[in-house]
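Observations on chain architecture
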Amino acid sequence: MDVLIGSTFPLSLIRRKVQIEPSSLSELSALAARAVVHSFWGHSNTYAAASAMLGFNVAPRKERPAISLDEDKLPALDGISFRDCWILSPDYVSGFRPEIGAEVSPGKIANWQVLRIRWL
């Protein structure tokens, strides 16, 4: 099983009906434990904190990988098409905005938001 994960998803690549719903860290971690994770993580300043919290490395295989669309308008990465995409984004403490390219300390992350995007 293959899992697609990122810190954001470009909405301009949604070209067919999708369902987006909040999920949980435990559901994402359990899924990733039994799958091959394909990451298009775009924010290098949160790799370490997200990886430590999830228990697996979210760094992509190459720097700044680009998602594409297959002929069915599904997201594709590493030559694989996906019907699901998991987005994990940090909720920062009030008033904090990370500097570009700077590592974010875990103390600046108040919580994490998990979204599951399903292509229908």
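Rules used in this analysis
Residues numbered from 1 in each chain as written. Predicted model: local features only at pLDDT ≥ 70, side-chain atom pairs only at ≥ 80, totals over all residues. Heavy atoms only, no water. Core = buried A, V, L, I, M, F, W, Y, C linked by side-chain atoms within 4.5 Å. Buried < 20%, exposed > 50% of the residue type's maximum accessible area, 1.4 Å probe, protein only. Helix = DSSP H or I, 4+ residues; strand = E, 2+ residues; numbered from the N terminus. Contact = heavy atoms within 4.5 Å. 1 Å grid on protein atoms, 1.4 Å probe; cavity = no way out; pocket = protein on both sides within 12 Å on 5 of 7 lines; lining within 4 Å. Points joined across faces, edges and corners; volume = space filled by probe spheres on them. Nonpolar A, V, L, I, M, F, W, Y, C, P; charged D, E, K, R; others polar.

Looking now at the nonpolar core. Core analysis: the largest hydrophobic core is formed by 19 residues, its most contacted members being Ile5, Leu54, Phe56, Val58, Trp86 and Leu88. Elements supplying a minimum of two residues to this core: strand S1 (2-6), helix H1 (25-33), helix H2 (47-54), strand S7 (84-92) and strand S8 (109-119). Excluding its chain neighbours within four sequence positions, the residues that come into contact with Leu88 are Gly6, Ser7, Leu25, Trp41, Ala50, Met53, Leu54, Trp112, Gln113 and Val114. Counting residues in hydrophobic clusters, the runner-up holds 12 residues, among them Phe9, Leu13, Phe40 and Ile67.

Listed in full, the buried residues belonging to H2 are Ala49, Ala50, Ser51 and Leu54. Structurally, H2 contributes buried residues whose contacts are with S1, H1, S7 and S8. Positive phi appears at Gly55, one or two residues downstream of H2, with a value of about 90°.

This brings us to the layout of surface pockets. Considering only enclosed or pocket space, the largest pocket measures out at about 290 Å³ in volume. It is S7 that provides the largest number of residues to the lining of the largest pocket, a total of 3 residues. Grouping the constituent residues of the lining of the largest pocket by class yields 7 nonpolar, 8 polar and 2 charged. Each pocket or cavity is described by its volume, and for the second largest pocket that value is around 160 Å³. As for the second largest pocket, its lining consists of Ser7, Thr8, Phe9, Pro10, Phe40, Trp41, Gly42, Arg64, Pro65, Ala66 and Ile67. Partitioning the lining of the second largest pocket into residue classes produces 7 nonpolar, 3 polar and 1 charged.

On their own, these measurements won't tell you what the molecule is for.
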